[in-house]
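What follows is the residue order along each chain.
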Amino acid sequence: MRYDDFLLVYSAGPEATYKLLLSIMENSLKQSAQLSHLESRVQELEARVNRNSQNSNKPPSADPFVKPKSRRTKSGKA
């Protein structure tokens, strides 16, 4: 909302200003509830993605392949 729009509502009187404030508060509450729902959904999906054979009943063959790191060290020779 631009400042000019606010001045129009303000000049319409206290009732119009109050209705605008209620509308903004209602919108804020809806967005807060939606945000909470989405945050819980993200946590649920992240938990689902992070499952592997160690923390679920999936077989080890379903785990993604992770190439083991070499334990060799470089010698000082050229």
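Scroll up for the structure.
Below is a short write-up of the structure. What you are looking at is a predicted structure, and each value in this text was computed from that prediction instead of being measured.

1. Some remarks on the overall build of the protein
Scanning the protein for helices and strands turns up 2 helices and 0 strands. The C-alpha radius of gyration of the protein comes to 28 Å, more than 25% above the 12 Å expected for a compact globule of 78 residues. Dimensions of the protein, computed from C-alpha atoms along their principal axes, come out at roughly 85 × 45 × 10 Å. Counting the 78 residues in the protein, one finds 4% classified as buried. Summed over its atoms, the accessible surface of the protein is roughly 7,900 Å², and 56% of this surface lies on carbon and sulfur atoms. Each charge class in the protein can be summarised by its mean position, and for the 13 positive and 8 negative side chains these summaries are 25 Å apart.

2. Describing the packing of aromatic side chains
Evaluated as defined, the whole model comprises 1 aromatic pair. Taking the centre distance of 6.0 Å and the plane angle of 25° together, the rings of phenylalanine 6 and tyrosine 10 count as stacked. Of this pair, phenylalanine 6 and tyrosine 10 both sit in helix H1 (residues 3–11), 4 residues apart, which is roughly one turn of the helix. Judged by relative accessible area, which is 33%, phenylalanine 6 ranks as partly exposed. Accessibility expressed as a relative area gives 54% for tyrosine 10, which makes it exposed.

3. Side note on the packing of H1 against helix H2 (residues 14–49)
Following both chains from N to C, one finds H1 and H2 inclined at 130°, their axes separated by 6 Å at the closest point. Classed by the angle they form, the pair H1 and H2 counts as oblique. Residues Phe6, Val9 and Tyr10 of H1 lie in contact with H2, whose contacting residues are Ala16, Thr17 and Leu20. Taken together, the residues of the contact of H1 with H2 sort by class into 5 nonpolar, 1 polar and no charged.

Here is what the cut-offs are and how they apply
Residues numbered from 1 in each chain as written. Predicted model: local features only at pLDDT ≥ 70, side-chain atom pairs only at ≥ 80, totals over all residues. Heavy atoms only, no water. Helix = DSSP H or I, 4+ residues; strand = E, 2+ residues; numbered from the N terminus. Rg over C-alpha atoms; globule rule 2.2 N^0.38 Å. Buried < 20%, exposed > 50% of the residue type's maximum accessible area, 1.4 Å probe, protein only. Areas by Shrake-Rupley, 256 points an atom, 1.4 Å probe, with all protein chains shown as cover. Lys, Arg positive; Asp, Glu negative; His and termini not counted. Charge placed at Lys NZ, Arg CZ, Asp CG, Glu CD. Phe/Tyr/Trp six-rings, centres within 6.5 Å; stacked < 30°, edge-to-face > 60°. Axes fitted to C-alpha atoms, helices over the stretch in contact; angles between N-to-C directions. Parallel < 35°, antiparallel > 145°, perpendicular 65-115°, else oblique. Contact = heavy atoms within 4.5 Å. Nonpolar A, V, L, I, M, F, W, Y, C, P; charged D, E, K, R; others polar.

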